[in-house]
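Structural features, examined
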Amino acid sequence: MNRANETEVRWLSFRLRNGQSIGPEKLRAAWEQAAETRRCAVRREVLPGGLAVYSLYGPGFLISPQKAEESIRAFLIKEGYLFTMTHVVGKERSPT
């Protein structure tokens, strides 16, 4: 479920509620579109008690991390997922 050798930074993490889950291909496609790069990976880690945490990874540079977060949130809402998400870890940067 990951391509760790192509990614560097965990940008977002979230938990789905009410026993919901999402497939890796669907999540990765949405994250690639939101992050505006194909250098993305997704991971699902099951914590003690069966709680799953989804993590979204990408390169150390994203053109607009806040836009990526807003886009992935909109995708999850549109698809009917109930979730809790952490904040973006990077800062907005412009291309050099």
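Below is a summary of the structure that appears in this document.

About the thresholds
- Residues numbered from 1 in each chain as written.
- Predicted model: local features only at pLDDT ≥ 70, side-chain atom pairs only at ≥ 80, totals over all residues.
- Heavy atoms only, no water.
- Helix = DSSP H or I, 4+ residues; strand = E, 2+ residues; numbered from the N terminus.
- Buried < 20%, exposed > 50% of the residue type's maximum accessible area, 1.4 Å probe, protein only.
- Contact = heavy atoms within 4.5 Å.
- Polar contact = N/O pair within 3.5 Å; in protein donor to acceptor, adjacent residues only side chain to side chain.
- Core = buried A, V, L, I, M, F, W, Y, C linked by side-chain atoms within 4.5 Å.

Description of the environment of Tyr 54
On the secondary structure map, Tyr 54 appears in strand 3 (residues 52-58). For Tyr 54, a relative accessible area of 1% gives the class buried. Apart from the residues within four sequence positions on either side, Tyr 54 is in contact with Leu 12, Ser 13, Phe 14, Leu 16, Gln 20, Ser 21, Ile 22, Leu 27, Arg 43 and Arg 44. A polar contact is formed between the side chain of Tyr 54 and the backbone nitrogen of Ile 22, at a distance of 3.3 Å. For Tyr 54, the side chain forms a polar contact with the side chain of Arg 44, separated by 3.3 Å.

What to know about the nonpolar core
Considering soluble globular proteins, one finds that nonpolar side chains tend to be buried as a cluster. Core analysis: the biggest nonpolar cluster contains 23 residues, and Phe 14, Ile 22, Trp 31, Leu 56, Ile 72 and Leu 76 have the highest contact counts within it. Those elements that place two or more of their residues in this core are strand 1 (9-16), helix 1 (24-35), strand 3, helix 2 (65-78) and strand 4 (83-85). Ranked by the residues each element gives to this core, the list is headed by helix 1, at five residues. The contacts of Phe 14, once residues within four sequence positions are left out, are Leu 27, Ala 52, Val 53, Tyr 54, Leu 56, Leu 76, Phe 83, Thr 84 and Met 85.

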